[in-house]
Amino acid sequence: MPRTDRPAPAHLDDEEIERLGELLDLHAVANGGMNMEALDGFLSALAVGPETIPAAEWQPLVWGEQPAAFAGTSESDEAQRLLLGHWNGGVARVKWQGEEMPEALSPLLWLPEDPDAPQPDELDVGSDWADGFFTAVELRPDAWQGWLDSQDWIDEILEYLERLASGVVLAEHEGDPPAQISFKERMEIIASLPDMLADLFQYRAESQRPRAPVRRDPGKQDRNALCNCGSGKKYKHCHGAQ
């Protein structure tokens, strides 16, 4: 029998990820809840979103309509511990500022065995992850809309995620049919997820921090900090890229 008195880990290892996936398949997916990939996108959006959402509000979406027999069991306690551990890992992911993110913190998505090999464009890699992300967005739609209205670059990020979720790019001209995105385009979006999440998290942190009237020399600015120009982008992706 698994021990349930241990604290939640800082992030899940491979064995714990596999176990949480099993528990989700058994007790969540069958009851309208999430699979592991959707959960990863969901927790990512919660970690970077404009408002903090209480666990009591978001956890029921993970598990769906739980059978009463599951609550209060050692398996339920184990699932809760692993869920909180994956939440911890998701927060660590969006806060990461090193050059190369550890594999243990990378976004968790199903990929083909050889993602560099040619794959059919119909292969919807990343769609569950993006669906999970948007499930969290819908918990605070007005707050997210405020971000989208004020920051075009955030709107662009959500457009990319919408392409993952839907598999299409909307046409520029009204009445024209949407175009299917290619497998290559999906993989390019997926490869950009860590930077997208880090940018959103830094914008969240900056928006919640009282602004001090301090002007810094852009030449000495932290490349991972938000650019002083007010664009909402990291310095390295804005004036630091010039």
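Look a little higher up for the structure.
Every value quoted in this text rests on a predicted model; they were computed, and no experiment measured them. Sequence order as written defines residue numbering, which begins from 1 separately in each chain. Predicted model: local features are reported for residues with pLDDT of at least 70 only, side-chain atom pairs are reported and counted for 80 or more only, and whole-chain, interface and lining totals are derived from all residues. Note that the side-chain values use all heavy atoms of the structure and ignore hydrogens as well as water.

Let us look at the nonpolar core. Buried Ala, Val, Leu, Ile, Met, Phe, Trp, Tyr and Cys residues form a nonpolar core when they are joined through side-chain atoms within 4.5 Å. Residue exposure (1.4 Å probe, protein chains only): buried if accessible area is under 20% of the type maximum, exposed if over 50%, otherwise partly exposed. In terms of nonpolar packing, the biggest core is built from 55 residues, with Phe42, Trp58, Val62 and Phe133 touching the most fellow members. Secondary structure counts use DSSP, requiring at least four H or I residues in a row for a helix and at least two E residues in a row for a strand, with both numbered from the N terminus. Residue assignment for this core shows that the elements contributing at least two residues are α1 (14–27), α2 (36–48), α3 (55–63), α4 (74–95), α5 (127–137), α6 (141–150), α7 (152–166) and α8 (183–208). A per-element tally of this core places α8 first, with ten residues. In what follows, a contact means two residues having at least one pair of non-hydrogen atoms within 4.5 Å. The contact partners of valine 62, leaving out residues within four places of it in the chain, are Leu24, Ala28, Gly33, Met34, Leu39, Phe42 and Leu83.

With that out of the way, let us pick up α7. Between the first and last residue of a helix there are one fewer steps than residues, each counted as 1.5 Å, and that sum is the expected span. For α7, which comprises 15 residues, the first-to-last C-alpha distance of 21 Å matches the rise-based estimate of 21 Å (1.5 Å per residue) to within 8%. If you check which residues of α7 are buried, you get Trp153, Ile154, Ile157, Leu158, Leu161 and Leu164. Buried residues of α7, viewed axially, fall in a sector of 140°; they line one side. Elements that come into contact with the buried residues of α7 comprise α5, α6 and α8. Looking one or two places after α7, you find glycine 167, whose phi comes out positive at around 80°. It is the directions from the helix axis to the C-beta atoms whose arc is reported.

With that out of the way, let us pick up a negative patch on the surface. On the surface, a cluster of negative charge is contributed by Asp13, Asp14, Glu15, Glu18 and Glu103. Judged by its relative accessible area of 67%, aspartate 14 is exposed. A patch consists of residues whose relative accessible area exceeds 30% and which take part in no salt bridge; residues with like charges are grouped when within 9 Å of each other, and nonpolar side chains (Val, Leu, Ile, Met, Phe, Trp, Tyr) when within 5 Å. For the area figures, the Shrake-Rupley method with a 1.4 Å probe applies, and any residue is considered shielded solely by the protein chains shown. Any Lys or Arg side-chain nitrogen located within 4 Å of an Asp or Glu carboxyl oxygen qualifies as a salt bridge. When charges are counted, Lys and Arg contribute as positive and Asp and Glu as negative, whereas His and the chain ends are disregarded. Note that the charge is assigned to NZ on lysines, CZ on arginines, CG on aspartates and CD on glutamates.

Along an α-helix, a turn takes 3.6 residues, which lines up residues three or four apart on a common side. End to end, α2 covers 19 Å across 13 residues, agreeing with the expected 18 Å (1.5 Å per residue, within 8%). Burial within α2 is extensive, with 13 of its 13 residues counted as buried. Polar contacts, as counted here, are pairs of nitrogen or oxygen atoms within 3.5 Å of one another; within protein the pair requires one atom able to donate a hydrogen and one able to accept it, and residues that are adjacent in sequence qualify only if both atoms are side-chain atoms. The backbone nitrogen of glutamate 37 lies 3.3 Å from a side-chain oxygen of the residue at the head of α2, namely asparagine 35.

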